[in-house]
Every structure is written in C-alpha cells, then in structure tokens.
Amino acid sequence: MLLDRKGPLSIYWRDLPLLTPWLLSFLKASGPAEYDRLTAVLGGLIRKAEDGHTSLFAETHSSDLIRKSGCLYLYSNENSFRAAREGIELREREGVAQSILDARQIREREPNLAPLYHRGLLFEDAYYLDDPYTYVQRLLSAVRARGGSFEPRKVSALRRQDDGLAIHSGEEQGTFDRVVIAAGAWSRELAGQIGDRVRLNTERGYHVLGDTEQPLLSGPTCYPEYGFYMTSLGEGLRSAGTVELGGLGQPLRPTRTDAIEERTRSLLNGVGEVSRRWLGFRPSTPDSLPVIGPSPRDGRVLYAFGHGHIGLTLAGLTGKLIAECVDGRETSVDLSPMRPDRWG
C-alpha cells in the first residue's frame, strides 16, 4: 500500500501507473485558483440538487423516507477543530447553514456517543433517506407506470453507426437513436469505445451494518479525521466511507471493514453484531465534478456519471439536465465545466 491501509485513504501500488494521469490532474485541480473555481461550480450544482428530487419524491410518494435531522461533524481536540476552520469559512461563503456545538451540546444531541469530542459542526439543513434502495425501486415503478421498461443486460460493446448506436450484449444487439451512459465507475470503458478519454477512477468505499435495538444517533455523524459516517437507519447502524483507490477488479479487503467496525465500537455505545459488510465503487473524477452532457465525438451519446460521493444527491438534477439535452432545450445549468474532454 502507498498509504496506511487502515487509514481513511489507501492506494494499491500496482495501480499507480494507471492512476498517474488521474493523480496529476488531481494535483492541478488542487491549486488555489482552480480550487475556488471548482468550489463555485460544485456549490451551484448542490444548491439545485433538492429541486431535482422534489418532483420525484412527490411522484413516488417517498416523503416517508426523508429524515430531516441535520448532519454532525465532530472534532476530537482543539487542533483538529482549528484545522477545519478553512473549510468552515468556505462553507460560510457558499451560504451553507452550519452551527458550532460545544461538548455539552453534542452530548445532549447524541447521548450514545463516547465523549471523545471537543467541538462539533452541525449542518442544519442536511437530510438523508432512510432507505435509498426503496427510493430507487419506487423510481423504477414510476418509469414503468409512464410506459418505460427495464431490461438488465451486461453491455459488452457500444458502436457508432450511421443509422444509430449499436449496443452489444453478448450475442444480442440493439440499435438506438440516443444512448445515455450512466454506468457509474464502469462508464470510462464505454466512453472509450466512443473515442472519449475520460479521467475517471474508482474510489472504493466500505460499508458495515450493525444491528441495533433502537436508533443510536439522531442523524449522520462523522469524525472527518477517521473518514467515515455513522448513520442510524431502519435496518441498523451503517458505518460507511474511507477511500481506497484500487479499481474495479480487486475484492473486498476485510482489514478495511474490520477497522471501520473497531472504530465505530470505540465511538458509539450499543452497536450489536455486524449483519452485513460490503464494498461500493464511487466513480470519481480528479476535479470532483461529474461528467454530464453530450459526447464531443458523437452528440447522440450523452454522459451522466462521475459524481463521486454525491451520486444520489445530484441524481435528480442530472436526470433533468439529460432530459433537457435530449429535448434540445437550453440546459438549466451551464454544462461546459462538466464536459468529458476537459482534461485534454
């Protein structure tokens, strides 16, 4: 490993040659001027995110899944809180509603937490879905009710033709007027078949679900220094996060889930047996912006991927933008910062 395998970030040595272009672009995006530009673009997207979901919540009758309890960041000592000051000030400039909590206020909000905190930062307007899977299933039902269909296939190839776009799945083939590539971390290969070289990599995120007799936290809670969130859901306590740059081909590494479980138990009282452990693949770009809009190689192909850690957050807005592209309307967001050829 390049970095501590139990820390919030790790990288496979053997993947370093493939990662090098991505990492170089990441360093370029980290400069002060570029950082400010990207913050403004991403902030603008997030401010429109709720509008992207509002009509979907209504159509799918999913308001029962929404939990409006805010999100809490915790800092174990004054040094860690002081190190967060720049981020706090940035959010203030971006208009994020946040308030600083002292140890007493944290204890009143989250009595089940071990008192291993000094200060907290509460994002007051944040909310989460108790069951994202149920929400997606309801969205699928809404698509079918409108006359759409869902046919799961593993796409092996995408080919440009004069009479349309050919999608190959094994020996089967279909030809379509338009194709939207929204395959998450698997999108880079499909975009490459069109001729677009997209800087997309995979952040492998680890999840641990612990049994609980009752909710242990009032809302998502995170120690940024540990790199994962703890959230009480209807099915139990989910601890999820960390970042591992390891591609799509490597199996889950138990050392990562073990570390999350160990840390969770040290921070929170009342966690029972672990009922599930799994690994997810975040499609991440080096500048943290998604890839949205038409392919410069072929306008019949539309891209909607690369949302990193906020895929569900921006899903509704992304769908709206893609619909605007398909209809030939002016998009409600300037898509030029999200173009697939922005890395040259």
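Report on the accompanying structure.

Quick notes on the rules
Residues numbered from 1 in each chain as written. Predicted model: local features only at pLDDT ≥ 70, side-chain atom pairs only at ≥ 80, totals over all residues. Heavy atoms only, no water. Helix = DSSP H or I, 4+ residues; strand = E, 2+ residues; numbered from the N terminus. Contact = heavy atoms within 4.5 Å. Pairing = 2+ DSSP bridges. Axes fitted to C-alpha atoms, helices over the stretch in contact; angles between N-to-C directions. Patch = residues over 30% accessible without salt bridge, like charges linked within 9 Å, V, L, I, M, F, W, Y side chains within 5 Å. Areas by Shrake-Rupley, 256 points an atom, 1.4 Å probe, with all protein chains shown as cover. Salt bridge = Lys/Arg side-chain N within 4 Å of Asp/Glu carboxyl O. Lys, Arg positive; Asp, Glu negative; His and termini not counted. Charge placed at Lys NZ, Arg CZ, Asp CG, Glu CD. 1 Å grid on protein atoms, 1.4 Å probe; cavity = no way out; pocket = protein on both sides within 12 Å on 5 of 7 lines; lining within 4 Å. Points joined across faces, edges and corners; volume = space filled by probe spheres on them. Nonpolar A, V, L, I, M, F, W, Y, C, P; charged D, E, K, R; others polar. Parallel < 35°, antiparallel > 145°, perpendicular 65-115°, else oblique.

Its place among the elements puts T231 in strand β13 (residues 228-233). The contacts of T231, once residues within four sequence positions are left out, are Y128, L217, P220, G236, L237 and R238.

With that out of the way, let us pick up the sheet that holds strand β17 (residues 301-305). Spatial ordering of the open sheet is given by β10-β17-β16, a layout of three strands whose pairing is mixed. Each end of this open sheet is capped by a strand with a single partner; those strands are β10 (179-181) and β16 (291-294). Each neighbouring strand pair of the sheet contributes to a mean axis angle of 20 degrees, computed without reference to strand direction. The pairing of β16 with β17 spans four bridges and is antiparallel. Residue pairing across strands places G293 opposite Y303, the latter belonging to β17. Together, β10 and β17 form the strand contacts of helix α8 (residues 187-194), whose direction differs from that of β17 by roughly 160 degrees. Running over the sheet, helix α10 (residues 311-327) touches β10, β16 and β17 and is turned about 170 degrees from β17.

The next subject is a negative patch on the surface. There is a patch of like negative charges on the surface, built from E50, D51, E124 and D125. Within the secondary structure, E124 sits in the loop between β5 (119-123) and β6 (128-129).

Estimated volume of the second largest pocket: approximately 310 Å³. In this structure, the second largest pocket is lined by 13 residues; those nearest its centre are P21, R188, R197, V198 and R199. At the level of elements, α1 (16-29) and α8 are the ones that each hand at least two residues to the lining of the second largest pocket. In terms of residue count, α1 provides more of the lining of the second largest pocket than any other element does, three residues in total. Residues of the lining of the second largest pocket, tallied by class, amount to six nonpolar, three polar and four charged.

At a minimum axis separation of 9 Å, helix α3 (residues 49-60) and helix α7 (residues 132-145) run at an interaxial angle of 80 degrees. Compared by their axis directions, α3 and α7 come out roughly perpendicular. The residues of α7 that touch α3, namely those facing H53, L56, F57, E59 and T60, are Y135, R138, L139 and A142. Per-class residue counts for the contact of α3 with α7 are five nonpolar, two polar and two charged.

Let us now look at the sheet that holds strand β7 (residues 157-161). Pairing is antiparallel in the open sheet, where three strands are placed in the order β7-β8-β9. Strands at the two margins of the open sheet, each flanked by one partner only, are β7 and β9 (172-176). Sheet twist, expressed as the mean angle between neighbouring strand axes with direction ignored, is 20 degrees. Sheet topology places β7 next to strand β8 (residues 164-169); five bridges connect them, and they run antiparallel. Of the residues in β8, the one forming a bridge with A157 is H168.

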